[in-house]
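Inside the fold
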Amino acid sequence: MTAFSKLHAQNHKITELSNVFIYLVQNREMCDTETACDVFFEYAAKVREHIEWVDRDLCGKLISYPDQTVKNTADRFLSGSTEIKRIFNQYLKDWCSEPHRRLTIRDHAEFLKETEQMFALVLDRIQRETEHLYPLIRKLEEQDAAAA
């Protein structure tokens, strides 16, 4: 059903980009560099790609599973994704110009605060996937293999 190596690679890349970006933008002058923008927009693309993949390929399959507990877990993750996407899109709208691939920072302290909160939200989601969603999928795959 899943490629856990792909999930872990995505999680690692998102975490790495998050850490690098937070480190770079502590200094206001770094926020306007091409390098910082490249890291930021790669991060945004990786987060979107990851959430869409988890929603479609993992939760999308779990939602049709016969067990109600499994459906409920998938539904909680899908609901969480909707909220994260809403918050993330607002964050992007507030702090960058996607068509021009540049950050639009009016208040550096506020930008740092909101960036740290946004990144923490994404990393928390990844942690919940790792601790709850992936083990559930592994368990279901083992059960399906044993039944076959």
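The rules we used
Counting restarts for each chain, with residues numbered from 1 along the sequence as it is written. Under the rules for a predicted model, residues below a pLDDT of 70 receive no local features and side-chain atom pairs below 80 are neither given nor counted, while totals for whole chains, interfaces and linings still include all residues. Side-chain numbers here rest on the full set of heavy atoms in the structure, without hydrogens or water. Here, axes are lines fitted to C-alpha atoms. For helices the fit covers the stretch in contact, and angles between N-to-C directions go from 0 to 180 degrees. For helices the rule is a DSSP run of H or I covering at least 4 residues; for strands it is a run of E covering at least 2, with both sets numbered from the N terminus onward. What sets the label is the angle itself: under 35 degrees gives roughly parallel, over 145 gives roughly antiparallel, 65 to 115 gives roughly perpendicular, and the rest give oblique. Crossing handedness follows the turn of the near helix against the far one: under a right angle anticlockwise gives a left-handed crossing, and clockwise gives a right-handed one. Contact criterion: two residues are considered in contact whenever any of their non-hydrogen atoms come within 4.5 Å of each other. By the convention adopted, Pro, Cys, Tyr, Trp, Phe, Met, Ile, Leu, Val and Ala count as nonpolar, Lys, Arg, Asp and Glu as charged, and the other residues, Gly among them, as polar. Helix span, as expected, comes to 1.5 Å for every residue beyond the first. The reported bend at a residue is simply the angle between two axes, fitted to the 7 residues ending at it and to the 7 residues beginning with it. Burial classes follow relative accessibility: with a 1.4 Å probe on protein chains only, a residue under 20% of its type's maximum area counts as buried, one over 50% as exposed, and anything between as partly exposed. Pairing of aromatic side chains requires ring centres within 6.5 Å, counting the rings of Phe and Tyr and the six-membered ring of Trp. Pairs whose planes differ by under 30 degrees are stacked, by over 60 edge-to-face, and all others tilted.

So, on to the packing of helix H2 (residues 34-62) against helix H4 (residues 108-147). In contact at an axis separation of 12 Å, H2 and H4 are set at 30 degrees when each is read in the N-to-C sense. One way to sum up the angle between H2 and H4 is to call them roughly parallel. As H2 runs across H4, the sense of the crossing is left-handed. Packed against H2, whose contacting residues are Tyr43, Val47, His50, Val54, Asp55, Leu58, Cys59 and Leu62, the element H4 presents Phe119, Val122, Arg125, Ile126, Glu129, Leu133, Tyr134, Leu136, Ile137 and Leu140 at the interface. Class assignment for the residues of the contact of H2 with H4 results in 14 nonpolar, one polar and three charged.

With 29 residues, H2 should cover 42 Å at 1.5 Å per step; its first-to-last C-alpha distance of 41 Å lies within 8% of that length. The principal kink in H2, of about 30 degrees, is found at Asp55.

A word on unusual backbone geometry. Even without being a glycine, Arg101 presents a positive backbone phi close to 50 degrees. Relative to the helices and strands, Arg101 is located in the loop between strand S1 (96-97) and strand S2 (102-103). With relative accessibility at 44%, the residue Arg101 sits in the partly exposed group.

What follows is about helix H1 (residues 4-24). Residues that lie three or four places apart on an α-helix share one face, since the helix turns once every 3.6 residues. For H1, with 21 residues, the first-to-last C-alpha span of 30 Å sits near the 30 Å given by 1.5 Å per residue. Listing the buried residues of H1 in full gives Phe4, Leu7, Gln10, Asn11, Ile14, Leu17, Ser18, Phe21, Ile22 and Leu24. Buried-residue contacts for H1 involve H2, S2 and H4.

It is worth spelling out the packing of aromatic side chains at this point. As enumerated under the stated definition, the model contains 10 aromatic pairs in all. Taken together, a centroid distance of 5.9 Å and an interplanar angle of 65 degrees make the contact between Phe4 and Tyr134 edge-to-face. On the criterion of sequence distance, the pair formed by Phe4 in helix H1 and Tyr134 in helix H4 is long-range, its members being 130 residues apart. The two residues Phe4 and Tyr134 agree in class, both being buried.

Nothing here speaks to function; it is geometry throughout.
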